[in-house]
Amino acid sequence: MKTLIQGGWVVGYDGQGHDLLPEGVVVYEDDRIVHVGYGYDGPADRTIDAGGRLIGPGLINCHIHAGTNARHVMLNDASKADYLGMNFLSYGAMRRGAKGMGPPPRADVEGKFGVWAAVRGGATTILDVGTRGTMIDGFTEMIGELGARAYLGAGYRSAAYVLDDQGRIQWDWDEEAGEQGLVRATEYAKKHDGAFNGRIRAMLYPGQLDTCTPELLKATKRTAGELGIGIQLHTAMNIVEFQSTLRQRGVTPIQYLHDLGFLGEEVILGHCVFHGRHSWCHYPYGDDLSMLAGSGASVAHAPYKYAKMGIALESFDEYRRRGINVVLGTDTFPQDMVHEMRLAGLACRLVEGSFRAGKPYDVYSAATLGAAKALRRDDLGRLAPGAKADMIVVDLRKTHFGAVRDPIKSFVEGGSGSDIESIIVDGETLLEGGRPTRFDEAELLGQIQEEARPLWDSVPEWRALGETIDDVAPMSYPVRKR
């Protein structure tokens, strides 16, 4: 089936980067784009009038935790002091011996909610970073049926994070578990890579730099090369990791990976905030950013997650000036890539002290072309003949946009995922007129609300003795008693 979209601002691709075609057209047939330009004289089975809209490539969300962070949003923000920028470890790690965070998450509820939230936020491709436990059962099939494009893998690591009786972070090591986890991840990749007409691709997702032995990281690198797939590893993500690596290895986390021979074009480093010259680190003995640039590795930046902790990448523009490929991810909720693009730009302006920094075009390119480069794909992140028919249609005819001269700037600086009225993946429409085409969204939201209740009830069991839900997940205002 051949579909013609016409009348709006089309984000074209000139072979080097994006360009705009006012009142342009896009034609796609089945799962591929066949024409992008200012006119089209050929036949079309369906014509869509997109006047007043922005027609652009689907965004690529390079870092989500679909099921796990669905639970984080149920818990809200923690009240714990987080001087070391420990992120989820401040409220997500369990006390040693605790029973667990309620019932295990389900692929058809927490998993589906997390994936759909990311798609609804503009991402036609997602990277779910290391699915673990029972979530992996049925997860691939659920995403396949939902219609998303995804890079998936079974997560693994050599150590688990736990808290001692004083609430201090500890590592419980089990090297055999890490080795067996890599075997399972390899089996997963062999079984599922290329499923659902190629929409499902495999990646290797070792947990975090400080939860993996050097032997496991080296084995991961070898396995990725043998399978021809990519890797994503949480790296330089908090000060605890930075300091412990410096103490144990004598080098920064980035230098450590460089010395291991782990870095390369197939590698994406999750977060990668704390390089030696970051203001929180003050470590002048080396140049981490030069090592990153020379390696060809990409960095998955999640600006909202770090802004909530009062931390910024230093900086988005500086990484790019050094030649580092920066991509974007949401990590936590809301899974809104428009939100992340705006925050990436604004945080960069604050760090750089200049309103000329963090340009909308640059963050938009990071979410599209940069991400496609990280995945080593020349058929994603762009509207061009031969590219995959992955695209979004954004309604710019809204009060918060006002008069639109530069639609990409308007979208990045004033929009949100809720402004996206159509989402197309592999030529299939997943969202039309702002409504999902494959499932009942209201039913899913009802399910996720119900799944939160036992989690809230379980909080005192897995936190310290005597703590309550109000200690761990306080309300921002008093609740009147009945």
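All figures in this text were calculated on a predicted structure; none of them were measured in a lab.

A. Representation of the overall build of the chain. The number of helices and strands found in the chain is 15 helices and 22 strands. Taking as baseline every contact in the chain between residues at least 6 positions apart, the subset at least 24 positions apart corresponds to 77%. Entry remark: accessible area of the chain is about 20000 Å², with carbon and sulfur atoms responsible for 49%.

B. Broad picture of empty space enclosed by the protein. One pass over the full model with this rule turns up one cavity of 30 Å³ or more. Its boundaries defined by the atoms lining it, the largest cavity holds a volume of some 40 Å³. Every residue lining the largest cavity is listed: Pro57, Gly58, Ile60, Thr124, Thr125, Asp379, Leu380, Gly381, Arg382, Lys388 and Asp390. Of the residues belonging to the lining of the largest cavity, the class tally is three nonpolar, four polar and four charged.

C. How the structure looks around the sheet that holds strand 22 (residues 435-436). Across the sheet, seven strands lie side by side as 3-2-7-19-20-21-22; this open sheet has mixed pairing. The sheet is open, and its two edges are formed by strand 3 (18-21) and strand 22, each paired on a single side. Here strand 20 (residues 420-425) runs beside strand 21 (residues 428-432); their pairing, made up of four bridges, is antiparallel. Opposite Val425, over in strand 21, you have Glu428 as the bridge partner. Taken strand by strand, helix 12 (residues 360-374) contacts strand 2 (9-13), strand 3 and strand 7 (53-57), and its axis lies near 105° from that of strand 3.

D. Spotlight on helix 12. Between its first and last C-alpha, helix 12 extends 20 Å over 15 residues, near the 21 Å set by a 1.5 Å rise per residue. The largest bend in helix 12 comes to about 45°, at Ala366. Within helix 12, 13 of the 15 residues are buried, which leaves the element mostly enclosed by the surrounding structure. Backbone geometry just downstream of helix 12 places Arg376 in the positive-phi region, at approximately 60°.

E. Broad picture of the packing of helix 12 against helix 13 (residues 407-414). Two elements in contact, helix 12 and helix 13, have axes separated by 9 Å at closest approach and are oriented at 80°. As the angle between them shows, helix 12 and helix 13 are arranged roughly perpendicular. When helix 12 is examined against helix 13, the residues Pro360, Val363 and Tyr364 are found in contact with a partner set consisting of Ile408, Lys409, Phe411, Val412 and Glu413. Residues that form the contact of helix 12 with helix 13 fall into these classes: six nonpolar, no polar and two charged.

F. Main features of the packing of aromatic side chains. In the structure shown here, the tally under the stated rule is six aromatic pairs. On the basis of an interplanar angle of 5° and a centroid distance of 5.1 Å, the ring pair of Phe113 and Phe333 is categorised as stacked. Note that Phe113 is positioned in helix 2 (residues 107-120) and Phe333 in the loop between strand 18 (325-328) and helix 11 (337-352), a separation of 220 residues in sequence. Per residue, the accessibility class of Phe113 equals that of Phe333, and both read buried. An angle of 75° between the planes, with centres 6.4 Å apart, marks the rings of Phe242 and Tyr283 as edge-to-face. Here the residue Phe242 occupies a position in helix 6 (residues 239-249), and Tyr283 occupies one in the loop between strand 16 (267-271) and helix 8 (288-295), the gap between them amounting to 41 residues. The pair formed by Phe242 and Tyr283 is uniform in burial state, with each residue classed as buried. Clustering of aromatic rings is evident, with ring pairs tying together Phe242, Tyr283 and Tyr285.

G. Structural detail: the pattern of salt bridges. One pass over the full model with this rule turns up 21 salt bridges. With a shortest N-O distance of 2.5 Å, Glu432 and Arg46 are connected by a salt bridge. Of the two residues, Glu432 sits in strand 21 while Arg46 sits in strand 6 (residues 46-49), which places them 386 residues apart along the sequence. According to the relative accessible area criterion, Glu432 is partly exposed, its value standing at 38%. Residue Arg46 is classed as partly exposed on the basis of its relative accessible area, which comes to 30%. A salt bridge links Asp108 to Arg106; the shortest N-O distance between them is 2.9 Å. Residue classification places Arg106 among the partly exposed residues on the basis of a relative accessible area of 36%.

Rules of the game
- Residues numbered from 1 in each chain as written.
- Predicted model: local features only at pLDDT ≥ 70, side-chain atom pairs only at ≥ 80, totals over all residues.
- Heavy atoms only, no water.
- Helix = DSSP H or I, 4+ residues; strand = E, 2+ residues; numbered from the N terminus.
- Contact = heavy atoms within 4.5 Å.
- Areas by Shrake-Rupley, 256 points an atom, 1.4 Å probe, with all protein chains shown as cover.
- 1 Å grid on protein atoms, 1.4 Å probe; cavity = no way out; pocket = protein on both sides within 12 Å on 5 of 7 lines; lining within 4 Å.
- Points joined across faces, edges and corners; volume = space filled by probe spheres on them.
- Nonpolar A, V, L, I, M, F, W, Y, C, P; charged D, E, K, R; others polar.
- Pairing = 2+ DSSP bridges.
- Axes fitted to C-alpha atoms, helices over the stretch in contact; angles between N-to-C directions.
- Expected span 1.5 Å × (residues − 1).
- Bend = angle between axes of the 7 residues up to and from the residue.
- Buried < 20%, exposed > 50% of the residue type's maximum accessible area, 1.4 Å probe, protein only.
- Parallel < 35°, antiparallel > 145°, perpendicular 65-115°, else oblique.
- Phe/Tyr/Trp six-rings, centres within 6.5 Å; stacked < 30°, edge-to-face > 60°.
- Salt bridge = Lys/Arg side-chain N within 4 Å of Asp/Glu carboxyl O.

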